[in-house]
Structure formats: C-alpha cells, structure tokens
Amino acid sequence: MEKNSREDIVVVDGLKKFFGKKKAVNGITFQVHAGEVFGLLGPNGAGKTTTIKTLLGLLEPTEGVVKVLGLDPVGDDVQIKRQIGYVAEEPLIFKSLTPLELFGFIASIRGLDGEVVTTKAKEYMESLGAMEYINQTIATLSRGNKQKIQIVSALLHDPSLLIMDDPLLGLDAKTVKVVKEIIDLQVKRGGSVLFSTHIMEVAQELCHRIGIINNGLIVGIGTFEELSKQANKAGANLEEVFLRLTEQDESVNTIITNLRASFLGNNGTR
Ligand SMILES: Nc1ncnc2c1ncn2[C@@H]1O[C@H](COP(=O)(O)OP(=O)(O)OP(=O)(O)O)[C@@H](O)[C@H]1O
Ligand SMILES: [Mg+2]
C-alpha cells in the first residue's frame, strides 16, 4: 500500500460503509495528493456519493479511516468545513432565497466580508451565464441554473479543497467548459479537487489521477495511462478502459445486441 504523506489532502484507508445489509462501500483505499485533480468514477450505485459524504463528516465510516487535510471529518468538522468547498449531489437547500441572499447568508455564517463575497459571486455568476438570475428565488430556477448557484456557493471562501459530487450534472456545454476552467484554476492557485463524474471525456481531460469504484470496491486507480495498462487497453479511451475495469464491456454489448434484435428484428436491421 502507498504510504500516507503530509502531501495527501485526502486519505481514505480501508473505508467501509454499510447501510444495514447493504455494503455501499466495502473497503476502499485511496489518497488525493496536494495540487491534484482526482476523479472518482463508477457506475450508478457504486459508492461514490457514500465515500464523498464520509469525507464531509456527513456519514460516519462503519470501518476504516478517513482523513481530510490531516483531520478527522467527524471530530474536526468545523475546521475542515472552513477549508472545503462542497458541491453536493442533491439539490440546494434554502430554495426560498435568491442567489444573492444565499451568498450573503454564506458570507455571514463563514464570517467573510460581505462586499468581497458579493463581488466574487457576481464574477462567478457572470462567467457561468447566471447573472440574470441573481435576484430570482432559487426554487424557480431551472435545474442547471440551480446547479450553478451550488457551484458558486462552494467557491466563495476560496477553499483549498474542492469536493464536488457530479458537478456537471445538468449543465449545458458552455457552462461545462467554464466549470472545467474553474477546476483547472483551483489547482493552478494551489488548491486540490476531488470530484465524481459520469462524463468520461471530462475525467480524461482534467484528472491527474482517477479512482474507479465498482460495487463498493476500487477496481482501478492511477493516471489515465496507468488505468489503460491495468485494463490491458493501450490506445483505448477512458470510456473503454472504464467499461473493462468495471466488467461492463461485454454485458453492454450483449444488451445492445439484444435490444436491436427485439426492436429491429433478429439481424439488427429492418
Ligand atoms: N442511506 C442509505 N440507505 C440505504 N442504502 C443506501 C443509502 N445511501 C446509499 N445507499 C446505497 O448504497 C449504494 C451506493 O450509493 P451511492 O449513492 O454511494 O452511489 P453512487 O456511486 O454515488 O451512484 P450514482 O452514480 O448513481 O450517484 C447504492 O446501492 C445505494 O442504494
Ligand atoms: Mg452519487
């Protein structure tokens, strides 16, 4: 096993999280190094959100150790939250506020200068194409625009670690490009990022290292090149590597063949 160093912003060691009989996470070990964009990939229900929630102290491990910035997310909750920006998978709370009111509220609970935060928030809102909604009740915003508000909210205190659970979900192409830039800048100014995504192209492009989770276990970890080797798929793209490592490549082909046979006739043509 890789040795934990002070440069590990996140350390997950033998993490297990059970919900009754359901083994959502069943012994996961990985580290996120300082200055790194780390991607967590995995099929639906693989255990990504469960893992991420333990990093925030929102779930307590059933077994194993989780350290974030050298601290225990459950015991040192407040200290960690000060340094983390979190984009959750589930939609925003405080939906009866406008984004501007929400940003003001965040500034006050984080003890930040209101004016500085407002200026920063407006800049992010502008770049995400959401400025026109800054005074509109969050509940009435479209899904993608709600997601933009969540992302801005996570950035207002210049966190050293950005943890984002499926941040690109529901965002349009232009916004995805901007969020990719925000992730890149986070690292360029000395921070780190851990995010989950289902968009393979984005993970391949942005992540220094990737951890692939399947059924609560890590089935591949490393740079894209290292994962390609682990999958025995030199020259393949991340989608192919991912499907191989999660043992879905053959089943997906069978499913497609069967679907074609059912809907188009046995030879797959009309
Ligand atoms: N509170 C809970 N009670 C019972 N089972 C849960 C609970 N939370 C998660 N699970 C189960 O744990 C497994 C892992 O869920 P998790 O949300 O971590 O998956 P995920 O990798 O984030 O998936 P997705 O890509 O769909 O977001 C799933 O089978 C899920 O149904
Ligand atoms: Mg999830």
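Please refer to the structure placed before this passage.
Residues numbered from 1 in each chain as written. Chains lettered and ligands numbered in written order. Predicted model: local features only at pLDDT ≥ 70, side-chain atom pairs only at ≥ 80, totals over all residues.

S.K.: Go over the nonpolar core, please, and point to the residues and values.
M.R.: Soluble globular proteins tend to bury their nonpolar side chains together. Core analysis: the biggest nonpolar cluster contains 65 residues, and Val 10, Val 152, Ile 163, Leu 194 and Ile 212 have the highest contact counts within it. When sequence neighbours within four positions are dropped, the list of residues in contact with Val 10 reads Gln 31, Val 32, Leu 55, Val 68 and Leu 194. (Core = buried A, V, L, I, M, F, W, Y, C linked by C-beta atoms within 7 Å. Buried ≥ 20, exposed ≤ 12 C-beta atoms within 10 Å, placed from the backbone. Contact = placed C-beta atoms within 7 Å.)

S.K.: Go over the sheet that holds strand 3 (residues 37–41) with me, naming the residues and quoting the values.
M.R.: One open sheet holds the six strands; their spatial order is 5-6-7-3-8-9, and the pairing between them is mixed. The open sheet is flanked by strand 5 (84–87) and strand 9 (217–222), the only strands paired with a single partner. Averaged over all pairs of adjacent strands, the angle between strand axes in this sheet comes to 15°, irrespective of strand direction. In terms of strand pairing, strand 6 (residues 161–165) meets strand 7 (residues 192–196) through five bridges, oriented parallel. (Pairing = 2+ DSSP bridges. Helix = DSSP H or I, 4+ residues; strand = E, 2+ residues; numbered from the N terminus. Axes fitted to C-alpha atoms, helices over the stretch in contact; angles between N-to-C directions.)

S.K.: An account of the site of ligand 1 is requested, with residue identities and associated values reported.
M.R.: Looking at ligand 1, the residues that line it are Phe 19, Lys 22, Ala 24, Gly 42, Asn 44, Gly 45, Ala 46, Gly 47, Lys 48, Thr 49, Thr 50 and Glu 89. The biggest single contributor to the shell around ligand 1 is helix 1 (residues 48–55), with three residues. Partitioned by chemical class, the residues of the shell around ligand 1 number three nonpolar, six polar and three charged. (Near = placed C-beta within 6 Å. Nonpolar A, V, L, I, M, F, W, Y, C, P; charged D, E, K, R; others polar.)

S.K.: Account for the pairing of strand 8 (residues 209–214), with residues named and values stated.
M.R.: Sheet topology note: the strand 3/strand 8 ladder contains four bridges and is parallel. Looking at strand 8, one finds that Leu 41 is bridged to Ile 212. Hairpin remark: strand 8 followed by strand 9, antiparallel, with two residues in the connecting loop; positive phi at Asn 215, about 50°.

S.K.: Explain the sheet that holds strand 2 (residues 22–33) to me, and be specific about the residues and the numbers.
M.R.: Each strand in a sheet pairs with another by means of backbone hydrogen bonds, the pair being arranged parallel or else antiparallel. The antiparallel open sheet is built from three strands, whose spatial order is 2-1-4. Looking at the sheet topology across the chains shown, the edges are occupied by strand 2 and strand 4 (63–68). Adjacent strand axes in the sheet meet at a mean angle of 20°, parallel and antiparallel pairs treated alike. Pairing geometry for strand 1 (residues 8–19) and strand 2, over nine bridges, is antiparallel. Within strand 2, the residue paired with Lys 17 across the bridge is Val 25.

S.K.: Could you give me a rundown of the environment of Phe 30, with the residues and numbers involved?
M.R.: Structurally, the position occupied by Phe 30 is in strand 2. Taking C-alpha positions, Phe 30 is 23 Å from Gln 248, a pair spaced 218 residues apart along the chain. Each residue touching Phe 30, except ones within four places of it in the same chain, is listed here: Val 12, Gly 211, Ile 218 and Ile 221.

S.K.: I'd like a rundown of the packing of helix 3 (residues 99–110) against helix 4 (residues 114–127), residues and numbers included.
M.R.: Relative orientation of the contacting elements helix 3 and helix 4 amounts to 135°, with a least axis distance of 9 Å. Here helix 3 lies oblique to helix 4, going by the angle between them. For helix 3 against helix 4, the interelement crossing comes out right-handed. Only Gly 114, Val 117, Thr 118, Ala 121 and Met 125 of helix 4 make contact with helix 3, whose side of the interface consists of Pro 99, Phe 103, Gly 104 and Ala 107. Counted by class, the contact of helix 3 with helix 4 contains six nonpolar, three polar and no charged residues. (Parallel < 35°, antiparallel > 145°, perpendicular 65-115°, else oblique. Left-handed = near helix turned anticlockwise from the far one by under 90°.)

S.K.: Could you give me a rundown of unusual backbone geometry, with the residues and numbers involved?
M.R.: Phi is positive for Asp 158, which is not a glycine, with a value near 50°. Checked against the element boundaries, Asp 158 lands in the loop between helix 5 (143–155) and strand 6.

S.K.: Tell me about helix 5, residues and numbers included.
M.R.: Its 13 residues place the ends of helix 5 19 Å apart at the C-alpha level, agreeing with the 18 Å of an ideal helix rising 1.5 Å per residue. Within helix 5, 10 of the 13 residues are buried, which leaves the element mostly enclosed by the surrounding structure. Among the residues making up helix 5, those that are buried are Asn 145, Lys 146, Gln 147, Lys 148, Ile 149, Gln 150, Ile 151, Val 152, Ser 153 and Ala 154. Taken together, the buried residues of helix 5 touch strand 5, helix 3, helix 4, strand 6 and helix 6 (173–188). (Expected span 1.5 Å × (residues − 1).)

S.K.: Now, about the pairing of strand 3: what can you tell me, with residues and values included?
M.R.: Most of strand 3 is tucked away, with five of its five residues classed as buried. Burial along strand 3 is two-sided: the residues Val 37, Gly 39 and Leu 41 and Phe 38 and Leu 40 are all buried. As defined by bridge partners, strand 3 adjoins strand 7 across four bridges and the pair is classed as parallel. Looking at the pairing, Gly 39 lines up with Phe 195 of strand 7.

Scope: geometric values only; no functional claims are made or implied.
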